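Structural features, examined
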Amino acid sequence: MYPNQRNRRLRQSPALRQLVSENQLTVNDLMLPVFVKEGTQVKEPIPSMPGCYRLSLDWLGEELKAIADLGIHAVLLFVKVDEALKDNNGTEALNPEGLMQRAVRTVKAIAPQMVVMTDVALDPYSSFGHDGIVENNVILNDPTVEVLSQMALSHAQAGADFVAPSDMMDGRIQKIRSVLEAAQYFHTGIMSYSAKYASAFYGPFREALDSAPGFGDKRSYHMDPANRLEAITETLRDIEEGADLVMVKPGLAYLDIIREIRDKVEVPIAAYQVSGEYAMLKAAAEKGWLEHDAVMMEQLLAFKRAGANLIATYHAKEAAQLLS
Ligand code: PBG
């Protein structure tokens, strides 16, 4: 009790504050999402995500060099699929010469030591803009899981280090793991979007990939933002089914979920600071209402404090620059 305890004694100087600091953000924690598009010499700005671009494959050399030079070790690949290639079954997702498969090979050729993770979900390939196959306005679970497992295998064959299913179908981790094992891809990792919420924070991302649902919403498969216990069961099941890394998404509005899961599981946890979170800070900073870099670093540190081990963030390059 005061005056025996004066908490300010430990805050007197930068040196003391650093000595007793409980959490630290490092460049090793960061993963950068990268958007890829067909074409040559395409570098298209994404309006609601200032500083982010859709890149054609021939841009990846320069981009990967910049990323690696900053000390970032992992990228998450997302593809913008041509409208003409979309159908209800996501057929194009399995094309060995598809954009994702070529993107993986390109990145691995340029930067073999970079950890490459691929998005596994049907929405960028779906004529309905849903994460699964649609029948009578219902998103089918088991037929979708079949396609997702083949999609994951195709990414592994292209050289992906990790596949990252972001759809929330039931049983997809188990199916993907068994297909990978059967094809002898013993070392391909699975980063499961385990606790992925039906969130309005994904708006800018869907604009970037032109992947918004054509009807309805994703509430029959993504989680209800009201739920906490469900996030635990989802995550425990994914680990049982064979996930190496689990994820909470979105990030900032779900820090309590990160902590809850950190206290319950032993595998590393990823947080995804999603497009809408990024857009909010960019917009506020543009207006001069928030100090961009300070708020960015505070938010990223908050993920670490909550218990995340790795962070997928569109700020990865900017943050790495500040950390170096
Ligand atoms: C695909 C996917 C989405 C995001 C990552 N993978 C969109 C969605 O599920 O609707 C969102 C990422 C972001 O907003 O930054 N299923």
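Remember, it's a predicted structure, so these values are computed and weren't measured experimentally.

Below, the discussion takes up the environment of Met296. Structurally, the position occupied by Met296 is in helix H10 (residues 292-306). The spatial distance from the C-alpha of Met296 to the C-alpha of His73 is 20 Å, given a sequence separation of 223 residues. The contacts of Met296, once residues within four sequence positions are left out, are Leu281, His315, Glu318, Ala319 and Leu322.

What follows concerns the packing of helix H8 (residues 255-262) against H10. The relative placement of two packed helices is expressed as an angle between their axes plus a distance between the axes. Relative orientation of the contacting elements H8 and H10 amounts to 30°, with a least axis distance of 8 Å. Between H8 and H10, the angle is such that the two are roughly parallel. Here Leu255, Ile258, Arg259 and Arg262 of H8 lie close against H10, whose contacting residues are Ala302, Phe303, Arg305 and Ala306. Grouping the constituent residues of the contact of H8 with H10 by class yields five nonpolar, no polar and three charged.

Here the focus is the pattern of salt bridges. Applying the stated criterion across every chain, the model contains 20 salt bridges. Among the salt bridges present, the one from Asp123 reaches Lys218, with a minimum N-O distance of 3.1 Å. Of the two residues, Asp123 sits in the loop between strand S5 (115-120) and strand S6 (134-135) while Lys218 sits in the loop between helix H6 (203-209) and helix H7 (229-241), which places them 95 residues apart along the sequence. Each member of the salt-bridge network shares a partner with another, and the members are Lys37, Glu44 and Arg54.

Where burial is concerned, most of strand S1 (residues 30-37) is hidden: eight out of the eight residues are buried. Side chains of S1 alternate between two faces, with Leu30, Leu32, Val34 and Val36 and Met31, Pro33, Phe35 and Lys37 buried alike.

What follows is about the site of the ligand. Around the ligand lies a shell of 17 residues, among which Lys196, Lys218, Lys249, Ser275 and Tyr314 are the nearest. With respect to the ligand, the side chain of Lys196 contributes an N or O atom lying 2.5 Å from an oxygen atom. The separation between an oxygen atom of the ligand and a polar side-chain atom of Ser275 is 2.7 Å. Compared with its free state, where it exposes 400 Å², the ligand has 100% of that area covered by protein.

Now for unusual backbone geometry. That bond from Tyr2 to Pro3 is cis: its omega, 5°, falls within 30 degrees of zero. Among the structural elements, Pro3 can be located in the segment before helix H1 (14-19). Of note, the amide linkage connecting Lys249 to Pro250 takes the cis form, showing an omega dihedral of -5°. The phi dihedral of Gln41 is positive, around 55°, even though this residue is not glycine. For Gln41, the location among the structural elements is in the loop between S1 and strand S2 (43-45). For Gln184, which is not a glycine, the phi torsion comes out positive at approximately 65°.

Quick look at the nonpolar core now. Counting residues in hydrophobic clusters, the biggest one holds 80 residues, and the most contacted among them are Leu77 and Ile258. The leading source of residues in this core is helix H4 (residues 142-158), at eight residues. Core analysis: the second largest hydrophobic core is formed by 26 residues, Ala74, Phe205, Tyr272 and Ala312 among them.

What you see with strand S12 (residues 310-313) is no split at all: Leu310 and Ala312 on one side and Ile311 and Thr313 on the other are buried throughout. Pairing of S1 with S12, which is carried by two bridges, proceeds in the parallel orientation. Bridging across to S12, Leu30 finds its partner in Ile311.

Criteria and thresholds
Numbering of residues starts from 1 in each chain and follows the order in which that chain's sequence is written. Restriction of local features to residues with pLDDT of at least 70 applies here, the model being predicted, together with a cutoff of 80 or more for giving and counting side-chain atom pairs; totals for whole chains, interfaces and linings are based on all residues. Side-chain figures throughout are based on the complete set of non-hydrogen atoms in the structure, without hydrogens or water. Helix and strand definitions follow DSSP, with helices as H or I runs of at least four residues and strands as E runs of at least two, each counted in order from the N terminus. Contact between two residues is taken to exist if any of their heavy atoms lie within 4.5 Å; hydrogens are not considered. Angles shown run from 0 to 180 degrees and are taken between the N-to-C directions of axes, each axis being a line fitted to C-alpha atoms and, for helices, limited to the stretch in contact. We call two directions roughly parallel when the angle between them is under 35 degrees, roughly antiparallel when it is over 145, roughly perpendicular when it lies between 65 and 115, and oblique otherwise. Gly falls in the polar group here, along with every residue not listed as nonpolar (Ala, Val, Leu, Ile, Met, Phe, Trp, Tyr, Cys, Pro) or charged (Asp, Glu, Lys, Arg). We count a salt bridge whenever a side-chain nitrogen from Lys or Arg sits within 4 Å of a carboxyl oxygen from Asp or Glu. Between buried and exposed lies partly exposed: a residue is buried under 20% and exposed over 50% of the maximum accessible area for its type, with that area taken using a 1.4 Å probe on protein chains only. Whether a residue is near a molecule or strand depends on its heavy atoms: it is near if one of them lies within 4 Å of it. Polar contacts here mean pairs of N or O atoms no more than 3.5 Å apart (in protein, one a potential hydrogen donor and the other a potential acceptor; neighbouring residues in sequence count only if both atoms are side-chain atoms). Computed by Shrake-Rupley with a 1.4 Å probe, the accessible areas treat only the displayed protein chains as cover when residues are assessed. Here the nonpolar core consists of buried residues drawn from Ala, Val, Leu, Ile, Met, Phe, Trp, Tyr and Cys, with membership extended through side-chain atoms lying within 4.5 Å. Strand pairing is defined by DSSP finding a minimum of two bridges between the two strands.

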